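Working through the structure, step by step
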Amino acid sequence: MIRTILTVENNVIQVPVPEEYIGRQVEIILFSLDEATTTPAAPGNRTFTTIKVNAHDFKFNRDELNER
């Protein structure tokens, strides 16, 4: 993996590729460092509750499951 931080002088950037990367897929991500410091908003408050179920005597009935 190669990580480089640079100051952009114009709208063209040339990246030298190591020999071992030739013929392989690579991913290039471009973002400014001030964008990276902002964290994405959390998708709401989520709470999870534990439910205990005693399934000791449970018998699975496939035919009953598939009844319509």
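This structure is a prediction, so every number in the text was calculated from the model and none was measured. (Residues numbered from 1 in each chain as written. Predicted model: local features only at pLDDT ≥ 70, side-chain atom pairs only at ≥ 80, totals over all residues. Heavy atoms only, no water.)

Its place among the elements puts proline 18 in the segment before helix H1 (33-36). When the C-alpha positions of proline 18 and isoleucine 2 are compared, they lie 9.3 Å apart, and in sequence the two are 16 residues distant. (Helix = DSSP H or I, 4+ residues; strand = E, 2+ residues; numbered from the N terminus.)

Next up on the list: the environment of asparagine 10. By secondary structure assignment, the location of asparagine 10 is in the segment before H1. By relative accessible area, which is 47% here, asparagine 10 ends up partly exposed. Of note is the side chain of asparagine 10, whose polar atom sits 3.0 Å from the backbone nitrogen of valine 12. (Buried < 20%, exposed > 50% of the residue type's maximum accessible area, 1.4 Å probe, protein only. Polar contact = N/O pair within 3.5 Å; in protein donor to acceptor, adjacent residues only side chain to side chain.)

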